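Descriptive structure summary
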Amino acid sequence: MKRVSSGIKGLDALLKGGFPKGSTILVSGSPGSGKTILSMQFLVNGALKGENGFYLSLEEDVERMKNYLSSAFNWPIKELEKKKKLVMVKSDIYDFEKFKDLIETTVEKMKIERIVIDPITVLSLFFERPLEIRRSLLELDAMLKKLNCTSILTCEIPEGSSLISSFGIEEFTSDGIILLFYKIGQPRGIVVRKMRLTDHDKDVHPFEIKSGSGIVVYPSQRF
């Protein structure tokens, strides 16, 4: 099996070598848990190794994010953009077919291998019924696989919730699930809840968000 490094120090050890290439990974967590940082670290480190990345924001202002992430973690985001190794776009499209067209066109034009959609929760605004949301997620997953991209979809869940996703269906349409735990005054935690096609660590491990580098996972430590 071909593997794709997560770009997160310590996380590949939990994944037995990295993400299965072409898989779709759901990264869920409460506000402030580190979802965007993890997903951007995945893209930046991939781009530095020659795997072009596409960050598609459905919520946050991209320019503000670039400035914050570049200064906080010393990531060469603007340089990677100039070299056409990284594309960051905020989508204001609320038509699902046009949304898919944007992804497909960008991937083919820029030879993208890694994609982040942050957060997938906003897709609910495209539809009125839960059945339509489920169908759209299945269509999106199929398209990402057809494009041969390794993808991260972020999902925000309420603090202290036992939920894995917003709609209760994302976990069934994703190949992998990574949960991030965060509560003020307590250590941050990460667990690989699911990963198709490969064995993986199933314990909760601590992680830190370090200035100058980003997320660091400690695979030898457990909660």
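A few points on the structure. Quick caveat: nothing in here was measured; it's all calculated off a predicted structure. (Residues numbered from 1 in each chain as written. Predicted model: local features only at pLDDT ≥ 70, side-chain atom pairs only at ≥ 80, totals over all residues. Heavy atoms only, no water.)

Turning next to helix α6 (residues 130-146). Between its first and last C-alpha atoms α6 spans 24 Å; for 17 residues at 1.5 Å apiece the expected length is 24 Å, and the two agree. In the stretch just after α6, Asn-148 is the one whose phi turns positive, near 60°. (Helix = DSSP H or I, 4+ residues; strand = E, 2+ residues; numbered from the N terminus. Expected span 1.5 Å × (residues − 1).)

With that out of the way, let us pick up the sheet that holds strand β3 (residues 24-29). Within the open sheet, the nine strands sit side by side as β5-β4-β6-β7-β3-β8-β9-β10-β11. Their pairing is mixed. What marks the edges here is a single partner per strand, and that holds for β5 (86-90) and β11 (214-217). Strand after strand, the sheet turns through a mean of 20° between neighbouring axes, direction not considered. The pairing of strand β4 (residues 53-57) with β5 spans five bridges and is classified as parallel. Within β5, the position partnered with Phe-54 by the bridge is Val-87. Packing against the sheet, helix α3 (residues 62-73) makes contact with β4, β5, β10 (205-210) and β11, and its axis sits at approximately 135° to β5. Packing of helix α5 (residues 96-110) onto the sheet brings it into contact with β4, β5 and β6 (114-118), and relative to β4 it is tilted by some 160°. (Pairing = 2+ DSSP bridges. Axes fitted to C-alpha atoms, helices over the stretch in contact; angles between N-to-C directions. Contact = heavy atoms within 4.5 Å.)

A separate point is the side chain of Asp-141. Structurally, Asp-141 is set in helix α6. Relative accessible area serves as the criterion here: at 13%, Asp-141 is assigned to the buried category. Those residues in contact with Asp-141 that sit more than four places away from it in its chain are Thr-24, Thr-173 and Asp-175. (Buried < 20%, exposed > 50% of the residue type's maximum accessible area, 1.4 Å probe, protein only.)

Now for the pattern of salt bridges. A complete count under the given rule lists 16 salt bridges for this structure. In this structure, Glu-139 and Lys-100 form a salt bridge, with 3.0 Å as the shortest nitrogen-oxygen distance. Residue Glu-139 is located in helix α6, and its partner Lys-100 is located in helix α5; the two are separated by 39 residues in the primary sequence. Taking relative accessible area as the criterion, Lys-100 reaches 14% and is therefore assigned buried. (Salt bridge = Lys/Arg side-chain N within 4 Å of Asp/Glu carboxyl O.)

Here the bond from Asp-118 into Pro-119 is cis, since omega is -10°, no more than 30 degrees from zero. Among the structural elements, Pro-119 can be located in the loop between β6 and α6. Backbone geometry at Asn-148 places phi at a positive 60°, although glycine is not the residue there. Among the secondary structure elements, Asn-148 is positioned in the loop between α6 and β7 (150-156). Even without being glycine, Leu-197 reaches a positive phi, approximately 75°.

Direction vectors running N to C along α5 and α6 enclose 15°, while the axes themselves pass 11 Å from each other. Put simply, α5 runs roughly parallel to α6. α6 is crossed by α5, and the crossing has right-handed handedness. Residues Phe-96, Glu-97, Phe-99, Lys-100, Ile-103 and Glu-104 of α5 touch α6, and the partners they reach there are Ser-136, Glu-139, Leu-140, Met-143 and Leu-144. (Parallel < 35°, antiparallel > 145°, perpendicular 65-115°, else oblique. Left-handed = near helix turned anticlockwise from the far one by under 90°.)

The next point concerns the environment of Gln-41. When you line up the elements, Gln-41 lands in helix α2 (residues 35-48). When its relative accessible area of 4% is taken as the criterion, Gln-41 is described as buried. Taking the C-alpha atoms as reference points, Gln-41 and Gly-7, separated by 34 residues in sequence, lie 6.2 Å from one another. Beyond its immediate chain neighbours, meaning those up to four positions away, Gln-41 contacts Ser-6, Gly-7, Ile-8, Lys-9, Trp-75, Ser-213, Gly-214 and Ile-215.

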